[in-house]
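As a plain string of letters, each chain reads:
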Amino acid sequence: MYDYDLLVVGSANADLVIGVERRPDAGETVLGSDLAVHPGGKGANQAVAAARLGARTALLARVGDDAYGRLLLDSQRASGVDTVGVLVGGAPTGVALITVDPSGDNSIVVSPGANAGLTPGDVRAAASLFQASRVVSAQLEIPLETVVETVRNLAEGSRFVLNPSPPRPLPTEVLAACDPLIVNEHEAKVILGDAAVGGSPEDRARILLAKGPRSVVVTLGAEGALVASAQGVTRVAPVKVDAVDTTGAGDAFTAALAWRLGRGASLTEAAAYAARVGAAAVTREGAQASFPTAAEVEALCCADPGDAASDSGSAAGRTPGRGSDSSPGMSSRGGAQ
C-alpha cells in the first residue's frame, strides 16, 4: 500500500563546523579548528538516517540553487533517499554554524535561507507523497504554518512524528496529531511554559500528554528517555558509548523511532532501538556522515539499552549534553559533561 516507510518534511542545511576548546564568552574570540562543511539540517538528517537503516524514505524540503544545495542533494541520493520532493531555488541554501567542544557538545546557530520558503502550497502540491507514506515526520526549522499544513495533508492511517526543534508553542491541531511528540527537557519546558515549573520528568511527560498528543517521548540525556501514552509512563535506559560529536544524533534517534513504529514496533521498543542508533551516531564526527547502517547498530559494542523499567527506573551515566542534537538516551564514557 505504501511506497515509502517515511516521508520527512523539513529543513536542509549546510553544516559549517568548527572544533573549539571552549565556547567564547560574550565579546570574546577563541581560535578553532579548520572549517569543515557537511550536509545537514534536521529534515535532511532524518531522511538520511532512516535510509541508512533501510527505510524507503522521501524528503520534502527546499534548497538553494547553489553549491550547498548540490551538496545536500548529492548526500540524499547517495544514501538512497528519494529527492523528488526537494525543491530548488528561491533563496540561498540554509546554513548552520556549529561549534563542537572536546567533550562532543555542540552549539548551533541556523540561518534558515531556503527553508523559510517551504510553504503550505508546497505541501499541498506534494499530496501524492503523503498518500504514499506510512509515517510522516517533521521539525520546526521550517515555517510553523507548513507544519500545520503537513498535519492537514496526512493520509488516512498514516502516523505523524514531530520533534519541535527549535521549540515554540504548538497549535492544538498539531499537538493532537503527534504520535509521538519527541522532546528533550528544554523543548518540553518551552512547550509547557508555566506548567513545567517543578515536578519530576515523569510529571512533565504526563502534563505534555494531557495537552493533546497521542503519545510523548521525553529524552533525558544520561538518564535515558521517557515514553508516555495512555498506557502509562515507561523509562528507556541509556546506551553507553564514548562520544565524539553529538551533532545530528537527535535526528538519528527521531528517524529510527519513526521507522520502527512504521514497522509495527511498540513505542517503547522503537525508543529503545532509537537509543542504539543515536549512540552509534555520536561515536563519529559530523551529522549525516555519522549515521549508522542497521548492521552497525546491531554490532554496537556495549550498547544494550536494557529492559524498560517502570516510572521509578533510572540509569546512571554521563552524557555529552541534552541539546536538541544530542543523542537521547545515550550515556558517555570518558568525556566531560
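Our subject is the structure listed above.
Keep in mind the model is a prediction, meaning the values are calculated, not measured. Counting restarts for each chain: residues are numbered from 1 in the order of the written sequence. The predicted nature of this model means local features are confined to residues of pLDDT at least 70 and side-chain atom pairs, given and counted, to a pLDDT of 80 or more, with totals for whole chains, interfaces and linings taken over all residues. Water and hydrogen atoms were dropped before computing side-chain values, which therefore reflect all heavy atoms in the structure.

Peer 1: What should I look at first to understand the overall build of the protein in this one?
Peer 2: Put simply, DSSP marks the helices as runs of H or I at least four residues long and the strands as runs of E at least two long, and each gets a number from the N terminus on. Helices and strands together make up the secondary structure of the protein, namely eleven helices and 15 strands. For the protein, the proportion of its 337 residues judged to be buried stands at 59%. Expressed as a percentage of contacts within the protein between residues at least 6 apart in sequence, the contacts between residues at least 24 apart total 69%. For the area figures, the Shrake-Rupley method with a 1.4 Å probe applies, and any residue is considered shielded solely by the protein chains shown. Surface accessibility of the protein: about 12,900 Å² in total, with carbon and sulfur atoms responsible for 51%. Working definition: with a 1.4 Å probe on protein chains only, accessible area under 20% of the residue-type maximum means buried, over 50% means exposed, and in between means partly exposed. Whether two residues are in contact is decided by their heavy atoms, any of which lying within 4.5 Å being enough.

Peer 1: Where do I start with the pattern of salt bridges in this structure?
Peer 2: Close approach of charged atoms lets side chains of opposite charge pair. Only one rule defines a salt bridge in this text: a Lys or Arg side-chain nitrogen within 4 Å of an Asp or Glu carboxyl oxygen. Following the criterion strictly, the structure yields 14 salt bridges and no others. Of the charged contacts, one joins E28 and R22 as a salt bridge, the two residues approaching to 2.4 Å between their closest N and O atoms. For R22, a relative accessible area of 42% puts it in the partly exposed group. Among the ionic contacts, a cluster of salt bridges with common partners joins R124, E149, R152 and E173.

Peer 1: Mind showing me how you'd approach the sheet that holds strand β7 (residues 106–111) here?
Peer 2: The pairing of strands in a sheet comes from backbone hydrogen bonds and takes either a parallel or an antiparallel form. Strand order in the open sheet formed by four strands is β3-β2-β6-β7, and the pairing between neighbours is mixed. Only two strands of the sheet have a single partner each, and these edge strands are β3 (36–40) and β7. Averaged over neighbouring strand pairs, the angle between their axes works out to 25° when direction is ignored. Strands are labelled as partners when DSSP assigns at least two bridges between them. In terms of strand pairing, strand β6 (residues 94–100) meets β7 through six bridges, oriented antiparallel. Paired with V100 across the two strands is N106, which belongs to β7. Inter-axis angles, ranging from 0 to 180 degrees, are taken between N-to-C directions of lines fitted to C-alpha atoms, where helices are fitted over the stretch in contact.

Peer 1: For this particular structure, what's the right way to read the pairing of strand β4 (residues 57–63)?
Peer 2: Moving residue by residue along a regular strand, the side chains alternate between the two faces of the sheet. Counting buried residues along β4, seven of its seven residues qualify, which places the element largely inside the surrounding structure. With burial as the criterion, each face of β4 is covered, one bearing T57, L59, A61 and V63 and the other bearing A58, L60 and R62. The pairing of strand β1 (residues 4–9) with β4 spans four bridges and is parallel. Counted as the bridge partner of L6 is T57 from β4. Bridging between β4 and strand β5 (residues 82–88) involves five bridges; their strand directions are parallel. Each residue of the ladder has a partner; that of R62, found in β5, is L87.

Peer 1: Looking at this structure, I do not really get helix α9 (residues 249–262). What am I missing?
Peer 2: Since one α-helical turn is 3.6 residues long, residues separated by three or four positions face the same way. The span expected for a helix works out to 1.5 Å for each residue beyond the first. With 14 residues, α9 ought to run about 20 Å at 1.5 Å a step, and its terminal C-alpha atoms sit 20 Å apart, in line with that. Within α9, 13 of the 14 residues are buried, which leaves the element mostly enclosed by the surrounding structure. Two residues or fewer past α9, G264 is found with a positive phi of approximately 100°.

Peer 1: What is the right way to read unusual backbone geometry from this model?
Peer 2: A negative phi angle is the norm for most residues apart from glycine, just as the trans form is the norm for most peptide bonds. Of the consecutive residues S165 and P166, the connecting peptide bond is found in the cis state with omega at -5°. Structurally, P166 can be placed in the loop between β9 (159–162) and α6 (172–177). For the peptide bond that leads from D179 to P180, omega is 15°, which places it in the cis range. Along the chain, P180 turns up in strand β10 (residues 178–184).

Peer 1: Whenever I open this one, the sheet that holds strand β11 (residues 216–219) confuses me. Can you help?
Peer 2: With respect to topology, nine strands assemble into an open sheet ordered β5-β4-β1-β8-β9-β10-β11-β12-β13, the strand pairing being mixed. Edge positions in the open sheet fall to β5 and β13 (232–236), since each of these has one partner strand only. Across the sheet, the mean angle from the axis of one strand to that of its neighbour is 15°, orientation sign disregarded. Contacts between α9 and the sheet are confined to β1, β8 (133–138), β9, β10 and β11, with β10 contributing the most and set at about 160° to the helix.

Peer 1: Help me understand the packing of α9 against helix α10 (residues 267–281), please; the structure alone is not making it clear to me.
Peer 2: The geometry of a pair of packed helices is captured by two quantities: the angle between their axes and the separation between those axes. At a minimum axis separation of 8 Å, α9 and α10 run at an interaxial angle of 145°. The hand of the α9/α10 crossing is right-handed. Side by side, α9 and α10 meet where A249, A252, F253, A256, L257, W259, R260 and L261 of the first sit next to L267, A270, A271, Y273, A274, A275, V277, G278 and A281 of the second. Gly falls in the polar group here, along with every residue not listed as nonpolar (Ala, Val, Leu, Ile, Met, Phe, Trp, Tyr, Cys, Pro) or charged (Asp, Glu, Lys, Arg). Looking at the contact of α9 with α10 residue by residue, the class counts come to 15 nonpolar, one polar and one charged. Whether a crossing is left-handed or right-handed is set by the direction in which the near helix is turned from the far one by less than a right angle, anticlockwise for left-handed and clockwise for right-handed.

Peer 1: For this particular structure, what's the right way to read the packing of aromatic side chains?
Peer 2: A ring pair, where both rings are aromatic, is described by two values, the distance of the centres and the angle of the planes. Pairs were defined over the aromatic rings of Phe, Tyr and Trp, the Trp ring being its six-membered one, requiring ring centres within 6.5 Å. Orientation was assigned from the angle between planes: stacked under 30 degrees, edge-to-face over 60, tilted for the rest. Following the criterion strictly, the structure yields one aromatic pair and no others. Between R260 and the ring centre of Y273, over which it is positioned, the NZ or CZ distance is 3.9 Å. Charges are assigned to positions over rings by a cutoff of 6 Å between ring centre and Lys NZ or Arg CZ, combined with an angular limit of 35 degrees from the ring normal.

Peer 1: Got a minute to help me understand the environment of R206 in this structure?
Peer 2: Here R206 lies in helix α8 (residues 201–210). The class of R206 is partly exposed, set by a relative accessible area of 38%. The spacing of R206 and V227 is 21 residues in sequence and 9.8 Å in space, taken between C-alpha atoms.

Peer 1: Can you help me understand a nonpolar patch on the surface in this one?
Peer 2: Surface patches are defined over residues having more than 30% relative accessible area and no salt bridge, joining like charges when they lie within 9 Å and nonpolar side chains (Val, Leu, Ile, Met, Phe, Trp, Tyr) when within 5 Å. Taken together, I18, L35 and V37 make up a surface patch of nonpolar side chains, about 230 Å² in accessible area. In this structure, L35 sits in the loop between β2 (13–19) and β3.

Peer 1: Is there a simple way to explain the pairing of β11 in this structure?
Peer 2: Here β11 shows a buried face lined by V216 and V218 and a second buried face lined by V217 and T219. One ladder, built from four bridges, connects β11 with strand β12 (residues 225–229); its direction is antiparallel. Opposite V216, over in β12, you have A228 as the bridge partner.

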